[in-house]
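# Architecture at a glance
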Amino acid sequence: MTTYPYPTAHQTVAVAARATELSKVYGHGETQVVALDRVSVDFRQGEFTAIMGPSGSGKSTLMHCVAGLDSFSSGSVRIGETELGTLKDKQLTQLRRDKIGFIFQAFNLLPTLNALENITLPMDIAGRKPDKAWLDKVIEMVGLSGRLKHRPSELSGGQQQRVAVARALASRPEIMFGDEPTGNLDSRSGAEVLGFLRNSVRELGQTVVMVTHDPVAASYADRVIFLADGRIVDEMIKPTADGVLDRMKDFDTKGRTS
Ligand SMILES: Nc1ncnc2c1ncn2[C@@H]1O[C@H](COP(=O)(O)OP(=O)(O)OP(=O)(O)O)[C@@H](O)[C@H]1O
Ligand SMILES: [Mg+2]
């Protein structure tokens, strides 16, 4: 198994996902856009990473490529020990279903199903029985115990997003991705969802990767990577909201003067 020296040379932590020299080019010739330019990054097991950067810097592209939702032009991606480039479509679908959890900005809940049915839907489709103890723990952690029989229309936005978080966690994925998972929420509901994501890392050992524009949201993560023009340009360990904000201002200043 590949391990990574972290946090000390004596301890090693496994890599949940790794991109190596990953590039993604859209279009050809004059209209060509290099969305990712030879990005190499590790997402270690049990770590909460935030991805930040200006609009168009490649955040969603990076996440979609690493999560097997999008093809890439060159380089490689692995989830655990599996190289995505070696998989056929069907195997890729299976890997996404079994090993990866997604939280999208739009909650994507089915209106005719209640909260519990929405949470277990992906596993029902896959014909897998949920691990009852794990499911109970997830539901308790997201604070939905009293709302399981409610349909999405009977839940607040924050509660709906928590259903989406529980759904992503329910199958115990090896890695969870969220593209601005709190972008649609007011700050209080957003803080709740971020708290659950952080708890899932701290208490359940989950691996979480989240795209965000919000320095406060990023401060819930263990580290932040900053993208600009399809490249990783900086990294911050144990980020604070103020620290992230300062760093973002820094980039703005550099952008204006160079
Ligand atoms: N399907 C596509 N065809 C052509 N270009 C694309 C396509 N999707 C994305 N791009 C380009 O790739 C670059 C990176 O896009 P991406 O969506 O990854 O940015 P982002 O950092 O997620 O931005 P935002 O913060 O606005 O969501 C942008 O310049 C975008 O215009
Ligand atoms: Mg995006």
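Residues numbered from 1 in each chain as written. Chains lettered and ligands numbered in written order. Predicted model: local features only at pLDDT ≥ 70, side-chain atom pairs only at ≥ 80, totals over all residues. Heavy atoms only, no water.

Looking at an unreviewed UniProt entry, the protein chain carries the name ABC transporter ATP-binding protein, with the source organism given as Streptomyces finlayi.

## Looking at the site of ligand 1
The immediate surroundings of ligand 1 are formed by Y26, V33, A35, P54, S55, G56, S57, G58, K59, S60, T61 and H213. Take S55: an N or O atom from its side chain is 2.6 Å from an oxygen atom of ligand 1. Between S60 and ligand 1, the recorded distance is 2.9 Å, taken from a side-chain N or O atom to an oxygen atom. Protein contact buries 59% of the 640 Å² of open area that ligand 1 shows by itself. Listing elements by their share of the shell around ligand 1, those giving two or more residues are β3 (33-44) and α1 (59-66). Element by element, the count of residues in the shell around ligand 1 is highest for α1, at three residues. Per-class residue counts for the shell around ligand 1 are four nonpolar, seven polar and one charged. (Near = heavy atom within 4 Å. Polar contact = N/O pair within 3.5 Å; in protein donor to acceptor, adjacent residues only side chain to side chain. Areas by Shrake-Rupley, 256 points an atom, 1.4 Å probe, with all protein chains shown as cover. Helix = DSSP H or I, 4+ residues; strand = E, 2+ residues; numbered from the N terminus. Nonpolar A, V, L, I, M, F, W, Y, C, P; charged D, E, K, R; others polar.)

## Quick notes on the sheet that holds strand β4 (residues 48-52)
Taken in spatial order, the six strands make up an open sheet running β7-β8-β9-β4-β10-β11, and their pairing is mixed. On the outer flanks of this sheet lie β7 (100-103) and β11 (231-237), each paired with one strand and no other. Within the sheet, the average angular offset between the axes of one strand and its neighbour, ignoring direction, is 20°. Across the face of the sheet, helix α5 (residues 157-170) comes into contact with β7 and β8 (175-179) while running at roughly 170° to β7. Sheet strands in contact with helix α6 (residues 187-202) are β4, β7, β8 and β9 (208-211), and its direction is about 155° off that of β9. (Pairing = 2+ DSSP bridges. Axes fitted to C-alpha atoms, helices over the stretch in contact; angles between N-to-C directions. Contact = heavy atoms within 4.5 Å.)

## A short note on the pattern of salt bridges
Considering all chains together, one arrives at 16 salt bridges under this definition. With its nearest N and O atoms 3.9 Å apart, the salt bridge here joins K99 to E174. Of this pair, K99 sits in helix α2 (residues 89-99) while E174 sits in the loop between α5 and β8, placing them 75 residues apart in sequence. Note on E174: relative accessible area 35%, which makes it partly exposed. Beyond isolated ion pairs, a larger network of salt bridges with shared partners links R44, E47, R223 and E235. (Salt bridge = Lys/Arg side-chain N within 4 Å of Asp/Glu carboxyl O. Buried < 20%, exposed > 50% of the residue type's maximum accessible area, 1.4 Å probe, protein only.)

## Points about the packing of α5 against α6
Packed helices, taken two at a time, are described by their axes: the angle between them and the distance between them. Two elements in contact, α5 and α6, have axes whose closest approach is 9 Å; the angle formed by their N-to-C orientations is 15°. Compared by their axis directions, α5 and α6 come out roughly parallel. By crossing handedness, the relation of α5 to α6 is classed as right-handed. Packed against α5, whose contacting residues are G158, Q161, R162, V165 and L169, the element α6 presents S189, E192, V193, F196, L197 and S200 at the interface. (Parallel < 35°, antiparallel > 145°, perpendicular 65-115°, else oblique. Left-handed = near helix turned anticlockwise from the far one by under 90°.)

## Examining the pairing of β4
Counting buried residues along β4, five of its five residues qualify, which places the element largely inside the surrounding structure. Taking every second residue as pointing to the same face, both faces of β4 are buried, with F48, A50 and M52 on one and T49 and I51 on the other. Alignment of β4 against β9, held across four bridges, turns out to be parallel. Looking across to β9, one finds that F48 is bridged to V208. The sheet contact formed by β4 and strand β10 (residues 223-228) spans four bridges and is parallel. Among the inter-strand pairings, T49 is bridged to a residue of β10, identified as R223.

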